[in-house]
Amino acid sequence: MKVESEIIQAKENRTLMEVVNKSIRKTIRSINYINEKMYIVIGVIIVFLSFMIFYDVLARYFFHKPTSFGFDTSIWLTVVMAFVGGGYSQLKNEHVRVDIFYEKFSDKGKSIVDLFTHLFIFLTVIPLVWWGGSHVLKLFEQGTVATSGLNISLWIKFLIVPFGGTLLGLQAFVTFYKDIYLIVTGRKYEEDK
Amino acid sequence: MDGYVIALIMFGALMIGIMMGIPIAFTMSGISIIVGFFIWGGTTSLTGFVLSAYSDVGQFVFTAVPLYIFMAGILRYSDLVEGMYEAFYRWFGGLRGGLAVGTTIIATLFSAMVGTTMVSTAALGAIARPSMIRRGYNDVLTQGVILAGSGLGILIPPSIVMIIYAVIADVSPGQLFMAGILPGIMMAVLIIIYSLVVCWVRPDFGPAIPKAERFTWKEKFVALKGVILPLAVIATVLVTIFMGVATPTEAAAVGVVGSLICAGIKRKLSWSNIKNMFEMTIGLCAMLFWLVIGASAYAKIVSLTRVGEYLSGLIEGWNLSPMMFLIVVLIVYFILGIPLDAVPILFMTAPIIMPIFESMGIDLVWFGVIFIISAITANLSPPFGIQMFILKGVAPDIKISDTFKACWPMVGLFTLGTIILFIFPEIVTWLPNQMYK
Amino acid sequence: ACSSDKTSGDSGKSNGSDEKKVYTFNLNSVYPDTTLAGLNFIGPEFIKEVEKRSNGRIVIKPFYSNELVPQSEILSALSSNTIDLGLTSPVYFGDSVPTASTQSLPYWSKSLEHSYKLYRETGVGELFEKELEEHGVKVLAYAVGGSGYGFALNKPIKKYEDLSKLLLRSSGWATDTWYKNVGISGASIPLAETYDALQRGVVDGTPWSFTELESSKYGEVVKYIVQPAFINGGLSGLFINKDAWNKLPEDLQKVMTEVAQEMELKALETNKEKEKTIQAQVDKYNIEVINLPKDFQKKLYDSAQVVWDEYAKLNGNTAKTVEILRKENGGSQ
Ligand code: NA
Ligand code: NA
């Protein structure tokens, strides 16, 4: 009887493991999906930005009537593009690195180096999310509105800092998980299983 | 602990991290956050980091960065190079080494449209190289002109490295753009002379098209239509700047719209192409801006250590002339440049070197051009360099030993160019001085 | 980020613990360390003098050209004690501290001395300091400077109506509002590109301080300056985080205050001297000075009142400020 209960217990454990595994997979897939799609966000922004500045230049040159918000909006959208792309680049492994030695390491070796990568990413992201977030709250409480052209609340502008940090942090969580998986199991984490 | 010891530790940790293969941006920010925590009042430093992260990216001049990247993406996926190559092939094919000349000219024209090196490397590697090899051109010479010619992308305006340099050194991006034109043309001429000399000495390296296969004048003129669109894009951007329609930053948007029209005419605006253009934009843009974020954190902590003052004092003690100092800096840059790209080098060294330059009264516009040439040189020196890998990427049949052989003479050419600019700084300063008088 | 260490040396003999405590502060300046004229006195000179008179008990480490925090974030950084001291123009606080923009109002003061008097004697300064207090920041000293801030143009103007043909660089909310009322077209051009823009004719001119035609090299690319200027004295301030300030024992606070007061006056005197260099700069670049006739001046002054009105609407403090300014400027010029 004891044996039987152990088997049941083991079975339960396995199903529990499966549920955990499944939800981790699902989470990873969702995070990947979100960051993957950021190219559309950036694409729309860059097209809008191009035409807005183009229009501003023409309106200024021919009619002496540039927009009042163009300059400020350009700056803000550039900041948005910068922060939004961090997670995407992490997903695509496009953050520039020197791979002279790195490419010669084994998969496990790479994962071990990347433990430092993740340590550094989390060190970078946590202040952006936490202190950036509290700065947003502070600006929100003060109700400060910019007077420099794009006259929206400053907290909205600054929101991109914790937001971008979160996107990068989530993606780093995924790559971190994969590295740990590889170090522990010795196998590469397969995305579509 | 003395400031300069901390700075030394930081620099050492940075080099170790980078060499291990940790992404440069996060090595810089990570180290700065750790060190900052200890020398800048604990969590206070984190607030400093976060506040700066927003504003350091949020500078109007930086708006040009994504715009020029997007423009490069549009041009890259519009297959402009084929048309250009066909034109130069028909015109110069009959000349010994003529295709090498044509490839250099295309690379130079492309450099005047894009702010990076990789677009022309990829496009010419995919189109010009197979055609040259088929015509019996030597692969070492072929790769050499492609890599060196494409390198001009960051020297001839527009140039993303120049924009970033302008922000860091606090010089006018427009002036820096002007300063790069003549040295860029000079380098192109040097590459052309080199190819012609090589093919004159070794006719088998760059054979002329046989007489019977040469093109008629009509065919030659018809092919020129492939050059019209690219020239129109270049002309539009330059004219808007010169006529005072737009500032150099804003001109990037004019270039994007021009390139989009160009791509539309060539019917290249399919969704899959647009997707490629967007993906190139987000990838490069994020890569560069997270470097800016990491680097500005790093620069702050380095200035907190006061290492700049310490080094200035040290260098003053050595009694180096500005010239000697420059040469030392360039050697250091060259060594750093072997594994690293121009932008991270700039970010790593600027907080230390710029103040010294200023106190020595070195012309920062002139130095900007010298710096960029040294970055191109380092990028071309084996065994590492992003361009080499891009070339290998589009032309997998390449033997990397050939690439190395191709690069050395080009390293020599760019070194020669640097020496010429040291002797005749007017080549750099003349044009901006004409423009700004 | 104030840190205090015990000094080494003969610490054993001293009995008053405060006597041996060294207060170390970080100062972030928006200006380069080569800054000339009056600003030196509330920057490098202030630092030197405070260290001397406190017998080394106050050490201020300056970081010039925004080495520690960007100029747009100085108020936040001061307020969160990320930096202890900040040297900057209050204009950068405008979004969070409404009264910081007083000095952007066209014709708000008649001269450098008048600006100083308005801030230190009429209550204008107090209103600003009260608002700043809410952010946990205190003013140590003002340097009045930036004299003769007016239109530097590369197109001439003869009559008031000519203004509406101009496209000028805008320098923020106040000029935007004023331009609109006059009919001037305003364009935002970053400082880094202003020289190019003037040179290529992207804009017809910019408001600029006539004492800085040489240092900015704008003298090379503008042909006219319009006198009288519309801002005759702006202020830069040396600011300190209040917690950092409160940590100081009273005697050291007194040292700081004393030095600040002295330096403030020295800055004023130096900048008054600098005002006299305008003619030399105008001669050097062969710039034509356009002297506006009285009725033209009057029209401009009147058109600027819309900015004052808008400003007064921001809050009670700005309303009070405008009231004082109107009284002190005698209603009109
Ligand atoms: Na270029
Ligand atoms: Na290299």
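Residues numbered from 1 in each chain as written. Chains lettered and ligands numbered in written order. Predicted model: local features only at pLDDT ≥ 70, side-chain atom pairs only at ≥ 80, totals over all residues. Heavy atoms only, no water.

## Regarding the coordination of the sodium ion (ligand 1)
Each pair of donors in an ideal octahedron of six around a metal sits at 90 or 180 degrees, and each pair in an ideal tetrahedron of four sits at 109.5 degrees. Residue and element names in this part refer to chain B. Here the sodium ion (ligand 1) is held by Ser111 (O), Val114 (O), Gly153 (O), Ile156 (O) and Pro158 (O), and the distances to it run 2.2 to 2.4 Å. Written as a sequence motif, the donor residues of the sodium ion (ligand 1) are S-x2-V-x38-G-x2-I-x1-P. Looking at Gly153, the relative accessible area reads 0%, which means it is buried. (Donors = N, O, S within 2.8 Å, 3.2 Å for Na, K, Ca; no water. Buried < 20%, exposed > 50% of the residue type's maximum accessible area, 1.4 Å probe, protein only.)

## Here's the deal with the side chain of A:His135
Mapped onto the secondary structure, A:His135 falls in helix 4 (residues 107-142). With residues near it in sequence (within four places) discarded, A:His135 still touches A:Phe158, B:Leu51, C:Glu73 and C:Ser76. (Helix = DSSP H or I, 4+ residues; strand = E, 2+ residues; numbered from the N terminus. Contact = heavy atoms within 4.5 Å.)

## Let's talk about the UniProt feature "domain: TRAP C4-dicarboxylate transport system permease DctM subunit" (unreviewed entry) in chain B
What UniProt calls "domain: TRAP C4-dicarboxylate transport system permease DctM subunit" (unreviewed entry) maps, in this numbering, to residues 11-427 of chain B. With 78% helix and 0% strand, residues 11-427 of chain B has end C-alpha atoms that lie 35 Å from one another. (UniProt positions renumbered as here; feature names shortened; annotations may be inferred.)

## So, the layout of surface pockets
In this model, the second largest pocket occupies a volume close to 1300 Å³. As for the second largest pocket, its lining consists of 49 residues, of which A:Val96, B:Met118, B:Met287, B:Asp341 and B:Ile386 are closest to the centre. Contributions of two or more residues to the lining of the second largest pocket are made by helix 9 (160-169), helix 14 (271-304), helix 17 (342-360), helix 18 (364-380) and helix 19 (386-394) of chain B. For the lining of the second largest pocket, the element with the highest residue contribution is helix 14 of chain B, accounting for eight residues. In terms of residue class, the lining of the second largest pocket is built from 30 nonpolar, eleven polar and eight charged. (1 Å grid on protein atoms, 1.4 Å probe; cavity = no way out; pocket = protein on both sides within 12 Å on 5 of 7 lines; lining within 4 Å. Points joined across faces, edges and corners; volume = space filled by probe spheres on them. Nonpolar A, V, L, I, M, F, W, Y, C, P; charged D, E, K, R; others polar.)

## What to know about the UniProt feature "transmembrane region" (unreviewed entry) in chain A
Residues and elements named next belong to chain A. Under the feature "transmembrane region" (unreviewed entry), the UniProt entry names residues 39-63, 75-91, 112-132 and 152-177. Here residues 75-91 runs as 100% helix and 0% strand, with 26 Å between its end C-alpha atoms. Strand forms 0% of residues 112-132 and helix 100%; the C-alpha atoms that close the span are 30 Å apart.

## Comments concerning empty space enclosed by the protein
All names here are of chain A. In the structure shown here, the tally under the stated rule is six cavities of 30 Å³ or more. Taken as a whole, the largest cavity holds about 100 Å³ of empty space. Among the secondary structure elements, those contributing two or more residues to the lining of the largest cavity are helix 2 (38-63) and helix 3 (70-91). The dominant element in the lining of the largest cavity, judged by the number of residues it contributes, is helix 2, at four residues. Here the lining of the largest cavity is built from residues that sort into six nonpolar, five polar and three charged.

## As for the interface of chain A and chain B
Each partner contributes to the interface: chain A provides 57 residues, whereas chain B provides 58 residues. Regarding the contact of chain A and chain B, the summed buried area is about 5200 Å², with carbon and sulfur atoms giving 81% of it. At the boundary of chain A with chain B, the tally comes to one salt bridge. Between A:Arg60 and B:Glu250 there is a salt bridge; the shortest N-O distance is 2.7 Å. Summed over the shared surface of chain A and chain B, the number is seven residue pairs in polar contact (both at pLDDT 80 or more). Those elements that place two or more of their residues in the side of chain A that touches chain B are helix 2, helix 3, helix 4, helix 5 (154-158) and helix 6 (160-185) of chain A. Top contributing element to the side of chain A that touches chain B by residue count: helix 2 of chain A, with 15 residues. Residues that form the side of chain A that touches chain B fall into these classes: 38 nonpolar, 14 polar and five charged. (Buried area = accessible area lost by both parts, 1.4 Å probe. Salt bridge = Lys/Arg side-chain N within 4 Å of Asp/Glu carboxyl O. Polar contact = N/O pair within 3.5 Å; in protein donor to acceptor, adjacent residues only side chain to side chain.)

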